[in-house]
Amino acid sequence: MTKTFTCIVCPNGCEISAETAADGLCITGEGCPRGRTYVMQEMTDPQRTIATSMRVEGGETDLCSVRLTKPIPKARIMEAVAAIHERTLKAPVASGSVVIAGILGTDSDVIATKDVAAAEA
Amino acid sequence: MSKLDVLIVGGGPAGLAAAVRLYEAGIRDILIVEREKTLGGILRQCIHDGFGLTRFGESLSGPEYARRFIERVKELGIPYLTDAAVTEITPERAVTVVTREGLMVYHPRAVALTMGCRERTRGALAIPGERPAGVYTAGVAQAYINLYNRMPAREVIILGSGDIGMIMARRLTLEGAHVQAVYEVLPYPSGLPRNVLQCLDDYDIPLYLSHTVTCIHGDRRLEGVTISRVDEKLRPIPGTEEYHSCDTLILSVGLIPENELSLNAGVELDPHTKGADVDEHYQTSVPGVFAAGNVLHVHDLVDFVSQEAEALALAVGRYLTEEGFAEGTREIACGRGVRYTVPQRITGKEEFTLSLRVAAPMKDVTIVVRQGDAVIGKKKMKKALPAEMIRMKVSPVEGDGELEVRVDD
């Protein structure tokens, strides 16, 4: 059986085919070794990163944009978003700071992607 | 009138990269003018990741990518104005700026146009129907959610498969909205393949090609839209209409370089890119006025916007220090399968980076640049898509043969 994948590792978006034969897997069409790794991962345990916003208390804005530092299992994305939305940060928040370490017990951290200064009293 | 070496119009990714590179090249009498309250341009609202893969070898969010340049601008002490809008540039390069402190007029030796682009709206498509609230361009919806922290939608239909539209389909889904489908008038997606996968397929959002919205319904708030299939000439097919109820219609139907100021300055535009017609030094038809980034032609990757703006900076540096800056007058013709090229003309005296887009999706092709009988640039592509800008080095040879870029099998 042949399956076709669109690689999402970089913007080239290579179309990669994976053919499962009796003697193993034949991967073709990848532009670089990362494509091969991506397809292997995609076939066994697809992973994604996401970005969302997190509540901030006492800040100049009510929300702060955040992202994952590493991909997590695709099936757990909505669970991760819910876990992020459950929490509230205290201003000030610095861009790049870890706001949740190891989300859902994975090795992926949630980091702030912008500064939120404390609201002026 | 204040004298200045370079005035940079716009503090987004192009303006920031140009400023840093100019400063590093020793050109210090420069000024960035930004109309928003802070630097960063459109990157401020692009909180998804995927920026910087080419430039930094890591996947950053938009604000983080912008921050790397903004910090450098601040570190170097490059002067910038925010909350300040350029309202006029004359062909003689007198630049009028409205600031909090009042009206300023600068007379820089060179102007860098880095204003970016804007979105095509419902008006540009002339979609029939009523005019309720709930019809937004993708960028406006993105600003509501990511900058103003407001959720503008519950039941969503998206028209157009541009990258921002697909990214908003994912973003709206993550924030609890239901995205019913994306409809695209063309027979192929407008955005990058990776976004079809990671923004639509991952969230089971269907993409219907060769479909468009033919009527908008609703009194105060949008209540629904009529969707029709289109024929090969993109005309709606009578009898295929289907009504879908929704409270929000997001439009991701193309970007147009923002060139009102350029036109005022007498800059000639290319009808295909809707940006300035430039030579390989990014100089427009008005001497001393340069353009790069999305104001020149719409890019799909910010990494290339930064690169192009840095190339502009080096050219501006040469323009300021060298005497007799040669103007490129030799036109590059767009041959078979090529929608546009940037630059549109060259001096023919030096190697340069050619950017182009193909006219339709193709597989196993070679992009060939010819000068008379000589091949001066060649790039093999497993697939070439209109959504992906192609960049290649081209080395002109002696002689005055006609220049042409085309797609060969």
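On a predicted model such as this, the values are computed, not experimentally measured, just so you know.

**Q** Whenever I open this one, the sheet that holds strand 10 (residues 110-112) of chain A confuses me. Can you help?
**A** Paired through their backbone hydrogen bonds, the strands of a sheet run either parallel or antiparallel. Residue and element names in this part refer to chain A. Pairing is mixed in the open sheet, where five strands are placed in the order 8-5-6-10-9. Each end of this open sheet is capped by a strand with a single partner; those strands are strand 8 (88-90) and strand 9 (98-100). The average undirected angle you get between the axes of adjacent strands in this sheet is 45°. Relative to strand 10, strand 9 runs antiparallel, the two being bridged by two bridges. Directly across from Ile 100, in strand 10, lies its bridge partner Val 110.

**Q** I'm lost on the packing of helix 1 (residues 13-24) of chain B against helix 8 (residues 302-321) of chain B in this one. Help?
**A** Between two packed helices, what matters for the description is the angle formed by their axes and the separation of those axes. Residue and element names in this part refer to chain B. In the contact formed by helix 1 and helix 8, the axes pass within 8 Å of each other and the chain directions differ by 40°. Classified by the angle between their axes, helix 1 and helix 8 sit oblique to one another. The two elements helix 1 and helix 8 meet at a crossing, and its hand is right-handed. On helix 8, the residues that touch Pro 13, Ala 14, Ala 17, Ala 18, Arg 21 and Leu 22 of helix 1 are Val 302, Val 305, Ser 306, Ala 309, Glu 310, Leu 312, Ala 313, Leu 314, Val 316 and Gly 317. The residue inventory of the contact of helix 1 with helix 8, partitioned by class, reads 12 nonpolar, two polar and two charged.

**Q** Would you mind going over the domain arrangement of chain B with me for this structure?
**A** By a widely used convention, the size of an interface equals the accessible area lost when the partners come together. All names here are of chain B. Assigned domains within chain B: domain 1 (1-120 + 254-327), domain 2 (121-253) and domain 3 (328-409). Using C-alpha coordinates to define each centre, domain 2 is positioned 34 Å away from domain 3. Opposite the five residues of domain 2 that make contact, domain 3 presents nine residues. Counting the surface lost from both domain 2 and domain 3, the interface buries some 400 Å², and carbon and sulfur atoms represent 71% of this. The largest contributions to the domain 2 side of the interface with domain 3 come from Tyr 188, Leu 192 and Pro 193, which together make up 83% of the buried area. If you look at where domain 2 meets domain 3, you find zero salt bridges. The tally of links between domain 2 and domain 3 comes to zero residue pairs in polar contact (both at pLDDT 80 or more).

**Q** Even after reading the chapter, I still don't get the interface of chain B and chain A, so can you show me in this structure?
**A** In this complex, chain B contributes 29 residues to the contact, which on the side of chain A involves 34 residues. Three residues, Asn 149, Leu 174 and Arg 194 of chain B, lead the burial of chain B against chain A; their summed loss comes to 21% of the area buried on that side. Joining chain B to chain A, the criterion identifies five salt bridges. Across the pair Glu 15 of chain A and Lys 363 of chain B runs a salt bridge, and its minimum N-O distance is 3.4 Å. Seen at the junction of chain B and chain A, the total is 12 residue pairs in polar contact (both at pLDDT 80 or more). When residues of the side of chain B that touches chain A are traced back to their parent elements, those giving at least two are strand 4 (60-61), helix 2 (62-76), helix 5 (163-174), helix 6 (193-200) and strand 25 (374-384) of chain B. Sorting elements by how many residues they give to the side of chain B that touches chain A places helix 6 of chain B first, with four residues.

**Q** Explanation requested: the pattern of salt bridges in the structure shown.
**A** Should the charged atoms of two oppositely charged side chains come close, the side chains can pair. All names here are of chain B. Throughout the structure, instances matching the rule amount to 32 salt bridges over all chains. A salt bridge links Glu 258 to Arg 35; its shortest N-O distance comes to 3.9 Å. Of this pair, Glu 258 sits in the loop between strand 18 (255-257) and helix 7 (260-264) while Arg 35 is found in the loop between strand 2 (30-33) and strand 3 (49-51), placing the two residues 223 residues apart along the sequence. With relative accessibility at 55%, the residue Arg 35 sits in the exposed group. For Arg 118, the salt bridge is made with Glu 260, and the minimal N-O distance between the two is 3.1 Å. You can see Arg 118 sitting in strand 9 (residues 117-119) and its partner Glu 260 sitting in helix 7, a full 142 residues away along the chain. Assessed through its relative accessible area of 33%, Arg 118 is described here as partly exposed. When salt bridges that share partners are traced, they join Arg 21, Glu 24, Arg 55, Arg 72, Glu 75 and Glu 310 into one network.

**Q** I tried to follow the packing of aromatic side chains on my own but got confused; where do I start?
**A** Residues and elements named next belong to chain B. Across all of its chains, the model carries six aromatic pairs over all chains by this definition. Seen in terms of ring centroids, Phe 56 and Tyr 65 are 5.5 Å apart; in terms of plane orientation they differ by 65°. Their pairing is edge-to-face. The partly exposed category is assigned to Phe 56, whose relative accessible area is 30%. Given the relative accessible area of 1%, Tyr 65 is considered buried. Taken together, a centroid distance of 5.6 Å and an interplanar angle of 70° make the contact between Tyr 136 and Tyr 144 edge-to-face. For Tyr 136, a relative accessible area of 14% corresponds to the buried category. Put simply, the rings of Phe 56, Tyr 65 and Phe 69 touch in pairs and so form one group of aromatic residues.

**Q** Before we go on, may I ask you to explain the side chain of Arg 48 of chain A in this structure?
**A** When you line up the elements, Arg 48 of chain A lands in strand 4 (residues 47-48). By relative accessible area, which is 4% here, Arg 48 of chain A ends up buried. For Arg 48 of chain A, the side chain forms a polar contact with the side chain of Asp 202 of chain B, separated by 2.4 Å.

**Q** I would appreciate a short explanation of the pairing of strand 12 (residues 178-184) of chain B in the present structure.
**A** Residues in a regular strand point their side chains to alternate faces of the sheet. All names here are of chain B. Summarising burial for strand 12: five of the seven residues are buried, a large majority. Chirality of the crossover, the property in question, places the unit of strand 11 (residues 155-159), helix 5 and strand 12 among those that are right-handed. Since strand 12 and strand 13 (residues 207-209) lie parallel, the crossover through helix 6 that links them has a hand, and here it is right-handed.

**Q** For this particular structure, what's the right way to read the domain arrangement of chain A?
**A** As assigned here, chain A comprises domain 1 (2-44) and domain 2 (51-112). Here domain 1 of chain A and domain 2 of chain A have C-alpha centroids that lie 30 Å from each other.

What counts and what doesn't
- Positions within a chain are numbered from 1, following the residues in the order the chain's sequence is written.
- A letter from A marks each chain and a number from 1 marks each ligand, given out in the order of writing.
- Thresholds applied to this predicted model are a pLDDT of at least 70 for local features of residues and 80 or more for the giving and counting of side-chain atom pairs; totals over whole chains, interfaces and linings are not thresholded and use all residues.
- The side-chain figures draw on all heavy atoms in the structure; neither hydrogens nor water molecules are used.
- Strand pairing requires that DSSP identify at least two bridges connecting the strands.
- Each helix is a run of H or I in the DSSP string that is no shorter than four residues. Each strand is a run of E no shorter than two, and both are numbered from the N terminus.
- Lines fitted to C-alpha atoms define the axes here, with helix axes fitted over just the stretch in contact, and angles between the N-to-C directions of these axes take values from 0 to 180 degrees.
- The scheme is simple: roughly parallel for angles under 35 degrees, roughly antiparallel for over 145, roughly perpendicular for 65 to 115, oblique for anything else.
- Crossing chirality is assigned from the near helix's rotation relative to the far helix, an anticlockwise turn below a right angle marking it left-handed and a clockwise turn marking it right-handed.
- The contact definition used throughout considers only heavy atoms, calling two residues in contact when any of these lie within 4.5 Å.
- Gly falls in the polar group here, along with every residue not listed as nonpolar (Ala, Val, Leu, Ile, Met, Phe, Trp, Tyr, Cys, Pro) or charged (Asp, Glu, Lys, Arg).
- Just so you know, the domain bounds were taken from an automatic or database domain assignment.
- Values labelled buried area give the accessible surface lost by two parts on being combined, using a 1.4 Å probe and summing over both.
- For salt bridges, the criterion is a side-chain nitrogen of Lys or Arg within 4 Å of an Asp or Glu carboxyl oxygen.
- In the analysis that follows, any N or O atom pair within 3.5 Å is treated as a polar contact, provided that within protein one partner can donate a hydrogen and the other can accept it, and provided that, for residues neighboring in sequence, both atoms belong to side chains.
- The buried label applies to any residue whose accessible area, calculated with a 1.4 Å probe on protein chains only, is under 20% of its type's maximum; exposed applies above 50%, and partly exposed to all values in between.
- Aromatic contacts are taken between Phe, Tyr and Trp rings whose centres are within 6.5 Å, Trp giving its six-membered ring; a plane angle under 30 degrees counts as stacked, one over 60 as edge-to-face, and the others as tilted.
- The definition of a right-handed crossover adopted here requires that, viewed with the strands pointing away, the path from the first strand over the helix to the second runs clockwise.

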